[in-house]
Amino acid sequence: MSERNSSHRGERQKYFNVYFKKLFNETEFNAKGQALKIIHAYLSVGCLWVLLSDEFVGYVFMHRSSILLISIVKGLIFVIFTSVLGYWLVYNALKKAIDSKDRMKMANDELEKSNMLFKAILESSPEVIVFALDNEYCYTAFNQRHKDTMLQIWGKEISTGMNILDVIGTDEDRYKAQENFDRALTGKSFSLVEEYGDETLSRLYWQNYYSPIISDDGKIVGMTCFVLNITALKIAKEENEYLSYHDKLTGLYNRKFYVETLKQTDVPRNLPISIIMGDVNGLKLVNDAFGQQMGDELLKLSAAAIINACDSDDIIARWGGDEFIILLPKTSAKEAEAVVSRIKEQCADKQVNAIHVELSFGCATKENADEELGDIIKNAEDSMFKHKMVESKSIRSHIIKTIMNTLHEKNPREEAHSKRVGEISRKIGMAMCIPDIDVRTLNLAGFLHDIGKIGIEEGILNKPGVLTVPELDLIKQHPEIGYRIIKSSYGISEIAVAILAHHERWDGTGYPNGLKGEEIPKFARIIAIADSYDAMTSERPYQIVMTTEEAIRIIKKNAGIQFDPIIAEIFVEQVFNCKWDSYS
């Protein structure tokens, strides 16, 4: 049997001994009382009978023979009466003794059940520690979890009667524990959160509940401590508090924290106060082209560049989706500009998928106490937007070029195909007498028509065999991806809608929107012919290269079905100088 079980059994036995001693003393007292009652009754009846019965007989009966007979009868009556009386008194006394024994047994059973239940409760949860001490800080009870914890922390086995202060290994912890024990031993119930153990358990938090043990006569005979492991709750609370004031993605402060901090910072002793607003350029393009994950990486790299360029006292927050704000107490406008320069230097060597991290900045400074800090923030934001308008065109062009370069690296044949489609589209536009500015736009749209394939896996783009249905569904997403990329980059809507619709068919069976006839934008109808012709006459892993004549026959065959019949005829007769009617 384990030491723990022995100690618990000893405590229970001690309690039972006290209880039963008291119970037996009460029973013994009742038995003596019953015996005295029986003797008293017997003596009373006997004495009265002896004193009165002979006189009564002598008075009534005069003859000796009659008196002798009466005496015999009298004796028999006395014996019978006293026997019945004695039986009745002894029966009641024995019955009470048996009932008392039964009650003791029932009490014993109930007590044992209570102890078993109490023990089961104390030992059921590995996250609950329970121990009890007497007035001398010695153990009177504890559960296994407490025993294991003390062994783990202090390297000592505990037992009933051992002084807990002798187990605790450091003066500081011993003093702290004794202070809590003494507080409970003065009659106070209280709770507190403590961090237990050495560095190996430094992240374990426990909620301690201390209570005094008070006897029936009102004296404090010891104390109990229930300890609950609240580490998970504590960590969750800390995380919630952190997240309530921090941006989860970048780790910077969030807008809520920044707004609250502004009130505390906006005091005269912090003047001048500078505000820097920064906006990540090309975030939407990166999200559309490479996915949300790459956009998140761009934001994290931007945040890292800002952190590296700022001092520890500067307050940096993510203001919005792609915006950051920096609060610089006791910082002049010139010093704020120097911070912006350092951030740009930090960004110079950071890139995501060959796209450099670039931000547009605006600064404003509060010089006087009567200026509103909200107005300073607005001035910084306006300055940032002005810089962004000037820088955005070149930045977007650079990003588009980077996306196309990345696409061509994924699929080398796409570069030549894009250039040829752009050139063929330009020739068709010229043959249709489209204005020169529109021809140049058409040429660019033809070159960019497959830019959405940047969002398709390289394995699918370069697959030599026939594509599966799910793979075809993925391929069919590229017009929409390309539309989103171009729409956020160029102010010319014709390019975006041409890219979106270049796989629509004249009969309405194309994708993604099932447009029909002249519902399909003109540029898209031109690009569809140029794209199909180049695909048929270029080397592809899944088909045999066709001659120009074979490709023209297929285009004529599908005129009015897949292709605009008028544009198809112009393409054949004016781009290739071939007779439309000569192909059947």
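Residues numbered from 1 in each chain as written. Predicted model: local features only at pLDDT ≥ 70, side-chain atom pairs only at ≥ 80, totals over all residues. Heavy atoms only, no water.

A few words on empty space enclosed by the protein. This model, assessed by the stated rule, comprises two cavities of 30 Å³ or more. Lining the largest cavity are Ala501, Glu504, Arg505, Trp506, Ile520, Ala524, Arg525, Ala528, Gln562, Phe563 and Asp564. By residue number, the principal contributor to the lining of the largest cavity is helix H18 (residues 522-537), which donates three residues. Of the pockets and cavities examined, the second largest cavity occupies roughly 30 Å³. Lining the second largest cavity are Asn281, Ile355, His356, Glu358, Ile395, His398 and Ile399. At the level of secondary structure, the elements contributing two or more residues to the lining of the second largest cavity comprise strand S10 (355-356) and helix H11 (373-410). The dominant element in the lining of the second largest cavity, judged by the number of residues it contributes, is H11, at three residues. Of the residues contributing to the lining of the second largest cavity, the split by class is three nonpolar, three polar and one charged. (1 Å grid on protein atoms, 1.4 Å probe; cavity = no way out; pocket = protein on both sides within 12 Å on 5 of 7 lines; lining within 4 Å. Points joined across faces, edges and corners; volume = space filled by probe spheres on them. Helix = DSSP H or I, 4+ residues; strand = E, 2+ residues; numbered from the N terminus. Nonpolar A, V, L, I, M, F, W, Y, C, P; charged D, E, K, R; others polar.)

Glancing now at the pairing of strand S5 (residues 220-229). Remark: a regular strand shows side chains that alternate across the two faces of the sheet. Taken together, the seven bridges between strand S1 (residues 128-134) and S5 define a ladder with antiparallel strand orientation. Bridging across to S5, Phe131 finds its partner in Cys225. Relative to S5, strand S4 (residues 205-214) runs antiparallel, the two being bridged by nine bridges. Residue Trp206 lies in a different strand from S5, and its bridge partner there is Asn229. (Pairing = 2+ DSSP bridges.)

For Leu444, the position within the fold is in helix H13 (residues 436-447). Residue Leu444 is classed as partly exposed on the basis of its relative accessible area, which comes to 28%. (Buried < 20%, exposed > 50% of the residue type's maximum accessible area, 1.4 Å probe, protein only.)

Before going further, it helps to spend a moment on the sheet that holds S5. The strand order across the open sheet built from five strands is S2-S1-S5-S4-S3, with neighbouring strands paired in antiparallel fashion. If you trace the sheet from one side to the other, it starts and ends with strand S2 (139-142) and strand S3 (190-195), each paired once. Taking each pair of neighbouring strands and ignoring which way they run, the sheet shows an average axis angle of 20 degrees. Helix H3 (residues 144-154) contacts S1, S2 and S4 of the sheet and is inclined by roughly 90 degrees relative to S1. Strand contacts of helix H5 (residues 171-185): S1, S3, S4 and S5, with the helix running at about 170 degrees to S3, the strand carrying the most contacts. (Axes fitted to C-alpha atoms, helices over the stretch in contact; angles between N-to-C directions. Contact = heavy atoms within 4.5 Å.)

This part takes up the packing of aromatic side chains. Summed over all chains, the structure comprises twelve aromatic pairs. Ring centres of Tyr533 and Phe571 lie 5.5 Å apart, and the angle between their planes is 70 degrees; this geometry places the pair in the edge-to-face category. A residue pair is termed long-range when its members are at least 10 positions apart, and Tyr533 in helix H18 and Phe571 in helix H20 (residues 565-575) qualify at 38 residues. The same class applies to Tyr533 as to Phe571, namely buried. With a centroid separation of 5.0 Å and 85 degrees between ring planes, the pair formed by Phe571 and Phe576 is classed as edge-to-face. (Phe/Tyr/Trp six-rings, centres within 6.5 Å; stacked < 30°, edge-to-face > 60°.)

With 15 residues, helix H10 (residues 333-347) should cover 21 Å at 1.5 Å per step; its first-to-last C-alpha distance of 21 Å lies within 8% of that length. Residues of H10 that are buried include every one of Ala336, Val339, Val340, Ile343 and Cys347, and no others. Seen from one end, H10 has its buried residues packed into an arc of 100 degrees, which puts them on one side. In this structure, H10 carries Lys334 and Glu345 as exposed residues pointing more than 90 degrees from its buried face. If you follow the buried residues of H10, they end up packed against strand S6 (273-280), helix H9 (292-309), strand S8 (323-328) and strand S11 (359-366). (Expected span 1.5 Å × (residues − 1). Arc of directions from axis to C-beta.)

In contact at an axis separation of 7 Å, helix H12 (residues 413-431) and H13 are set at 150 degrees when each is read in the N-to-C sense. As summarised for this structure, H12 and H13 are arranged roughly antiparallel, according to the angle between their axes. As for the relative orientation of H12 and H13, their crossing is right-handed in sense. Every residue of H13 that contacts H12 at Ser418, Lys419, Val421, Gly422, Glu423, Ser425, Arg426, Gly429 and Met430 is listed here: Val439, Leu442, Asn443, Gly446 and Phe447. Of the residues contributing to the contact of H12 with H13, the split by class is five nonpolar, six polar and three charged. (Parallel < 35°, antiparallel > 145°, perpendicular 65-115°, else oblique. Left-handed = near helix turned anticlockwise from the far one by under 90°.)

On average, residues of the protein chain score 82 in pLDDT, and 77% of them are at 70 or above. Between residues 15-29, whose pLDDT stays under 50, and residues either more than four places distant or in other chains, the model counts eleven contacts. (pLDDT = per-residue confidence, 0-100.)

Looking along the chain, the bond that leaves Leu271 and enters Pro272 is cis, with omega of -5 degrees. Within the element layout of this structure, Pro272 appears in the loop between helix H7 (255-265) and S6. The backbone phi angle of Cys433 is positive, close to 60 degrees, even though this residue is not glycine. Residue placement: Cys433 occurs in the loop between H12 and H13. Here Cys433 falls in the exposed class, since its relative accessible area comes to 69%. For Asn577, which is not a glycine, the phi torsion comes out positive at approximately 55 degrees. Here Asn577 is to be found in the segment after H20.

What follows is about the pattern of salt bridges. All told, the structure shown has 16 salt bridges when counted by the stated rule. Between Glu415 and Lys419 there is a salt bridge, with its nearest N and O atoms 3.6 Å apart. Taken as a pair, Glu415 and Lys419 lie in helix H12 at a separation of four residues, close to a single helical turn. Between Arg525 and Asp564 there is a salt bridge, with its nearest N and O atoms 2.7 Å apart. (Salt bridge = Lys/Arg side-chain N within 4 Å of Asp/Glu carboxyl O.)

Take the nonpolar core next. Judged by nonpolar contacts, the single largest core of 74 residues is most densely connected at Ile451, Ile485 and Ile486. If sequence neighbours within four positions are ignored, Ile485 has contacts with Leu285, Asp288, Ala289, Ile400, Ile403, Ile451 and Ile454. Ranked by size, the runner-up nonpolar core spans 23 residues in total, among them Ile129, Tyr137, Ile158 and Tyr210. (Core = buried A, V, L, I, M, F, W, Y, C linked by side-chain atoms within 4.5 Å.)

The next subject is the sheet that holds S8. Here four strands make up an open sheet; going across it, the order is S7-S8-S6-S11 and the pairing antiparallel. Since the sheet does not close on itself, it has two edges, and those belong to strand S7 (315-318) and S11, each with one partner. Pairwise comparison of adjacent strand axes, ignoring direction, gives a mean angle of 15 degrees for this sheet. With six bridges joining them, S6 and S8 adopt antiparallel strand pairing. By the bridge assignment for S8, Met277 is matched with Ile325.

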